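Listed below, chain by chain, are the residues.
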Amino acid sequence: MLNYVKVIILNVDVWYNDFYNAIKSLFGCIQNKSGRGYMPRTVAIGIQNFEEIRNRNYFYVDKTSFIKEWWETGDDVTLIARPRRFGKSVAAKMAYAYYDRSSDSSKLFNGLEITKNPDYKTHLNKYPTIFIDWNRFADIPKKEILTEAQKCFVADLKKSYSF
């Protein structure tokens, strides 16, 4: 067991390829909606954009029940604490797509768990929403991060409120 842990830590790329191939072999072919034939589904490793994953028909583990849990708790702030590569950014983009009123995202959610809920349309695209991706600031000097974050914040406000 110790050697396996060392391999994962020292050779992340090798482990990642093995993981990718295992997932691809399990879920590589999914029957299409028409029921005729099979079409390959790509595992979107490294893609963190919910809209892109759904529009390109990449393999996606449905986590839309998170949205329902969020509106039922009524919390003002939600902390999503997970290790790297556990879908935090995709979950944040999913919530943004669901709540943001600047576009109609109903097609993105077709066939997902959230659409089975009777309150699904109650909150869909109803709120001005701000999304700041902190990954954008990784290469920016610390002194400039606040200024750049303010620019993103203002841009999202303009988009949400149609200034």
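As a starting point, this report considers the structure included with it. (Residues numbered from 1 in each chain as written. Predicted model: local features only at pLDDT ≥ 70, side-chain atom pairs only at ≥ 80, totals over all residues. Heavy atoms only, no water.)

### Concerning the layout of surface pockets
Point 1. If you add up the space inside the second largest pocket, you get close to 880 Å³.
Point 2. If one sorts the elements of the lining of the second largest pocket by residue count, helix H5 (residues 88–99) sits on top with 8 residues.
Point 3. Considering only residue class, the lining of the second largest pocket consists of 16 nonpolar, 7 polar and 5 charged. (1 Å grid on protein atoms, 1.4 Å probe; cavity = no way out; pocket = protein on both sides within 12 Å on 5 of 7 lines; lining within 4 Å. Points joined across faces, edges and corners; volume = space filled by probe spheres on them. Helix = DSSP H or I, 4+ residues; strand = E, 2+ residues; numbered from the N terminus. Nonpolar A, V, L, I, M, F, W, Y, C, P; charged D, E, K, R; others polar.)

### Some thoughts on the packing of helix H4 (residues 65–73) against H5
Point 1. Two elements in contact, H4 and H5, have axes whose closest approach is 10 Å; the angle formed by their N-to-C orientations is 70°. Judged by the inter-axis angle, H4 sits roughly perpendicular to H5. Helix-helix and strand crossings are classified by hand; for H4 and H5 the assignment is right-handed. Between H4, through Phe-66, Ile-67, Trp-70 and Trp-71, and H5, the contact on the second element is made entirely by Met-94, Ala-95, Tyr-98 and Tyr-99. (Axes fitted to C-alpha atoms, helices over the stretch in contact; angles between N-to-C directions. Parallel < 35°, antiparallel > 145°, perpendicular 65-115°, else oblique. Left-handed = near helix turned anticlockwise from the far one by under 90°. Contact = heavy atoms within 4.5 Å.)

### Quick notes on the packing of aromatic side chains
Point 1. A complete count under the given rule lists 10 aromatic pairs for this structure.
Point 2. Taking 6.0 Å as the distance between ring centres and 20° as the angle between the ring planes, the aromatic pair formed by Trp-71 and Tyr-98 counts as stacked. Within this pair, whereas Trp-71 is found in helix H4, its partner Tyr-98 is found in helix H5, the two being separated by 27 residues in sequence. Note on accessibility: Trp-71 and Tyr-98 belong to one class, buried. (Phe/Tyr/Trp six-rings, centres within 6.5 Å; stacked < 30°, edge-to-face > 60°. Buried < 20%, exposed > 50% of the residue type's maximum accessible area, 1.4 Å probe, protein only.)

### Considerations on the nonpolar core
Point 1. Phe-50, Tyr-60, Ile-67, Tyr-98, Phe-109 and Ile-114 are the most contacted members of the largest nonpolar core, which has 19 residues in total.
Point 2. Elements with a minimum of two residues in this core: helix H3 (50–55), H4 and H5.
Point 3. In terms of residue count, the dominant contributor to this core is H5 (6 residues).
Point 4. Sequence-distant contacts of Ile-114, defined by excluding residues within four places in its chain, comprise Thr-64, Ile-67, Lys-68, Trp-71, Tyr-98, Phe-109 and Tyr-120. (Core = buried A, V, L, I, M, F, W, Y, C linked by side-chain atoms within 4.5 Å.)

### Re a nonpolar patch on the surface
Point 1. Taken together, the side chains of Ile-130, Phe-153 and Val-154 present a nonpolar region at the surface, about 230 Å² in accessible area.
Point 2. Judged by its relative accessible area of 38%, Phe-153 is partly exposed. (Patch = residues over 30% accessible without salt bridge, like charges linked within 9 Å, V, L, I, M, F, W, Y side chains within 5 Å. Areas by Shrake-Rupley, 256 points an atom, 1.4 Å probe, with all protein chains shown as cover. Salt bridge = Lys/Arg side-chain N within 4 Å of Asp/Glu carboxyl O.)

### Quick notes on the side chain of Ser-105
Point 1. The topology assignment puts Ser-105 in the loop between H5 and helix H6 (120–123).
Point 2. Among the polar contacts listed, one links the side chain of Ser-105 to the backbone oxygen of Ala-97, at a separation of 2.6 Å.
Point 3. Setting aside chain neighbours within four positions, we find Ser-105 in contact with Ala-97, Tyr-98, Leu-124 and Asn-125. (Polar contact = N/O pair within 3.5 Å; in protein donor to acceptor, adjacent residues only side chain to side chain.)

### Describing the environment of Ala-91
Point 1. Among the structural elements, Ala-91 can be located in helix H5.
Point 2. Of the residues examined, Ala-91 reaches a relative accessible area of 12% and is grouped as buried.
Point 3. On a C-alpha basis, the gap between Ala-91 and Asp-62 in space is 9.9 Å, while along the polypeptide they are 29 residues apart.

### Considering the side chain of Asp-100
Point 1. Tracing the chain through its elements places Asp-100 in the loop between H5 and H6.
Point 2. Asp-100 sits in the buried class, given a relative accessible area of 2%.
Point 3. Within the structure, Asp-100 has its side chain in polar contact with the side chain of Ser-102 (distance 2.4 Å).
Point 4. When sequence neighbours within four positions are dropped, the list of residues in contact with Asp-100 reads Asn-125, Tyr-127, Thr-129, Lys-159 and Ser-160.

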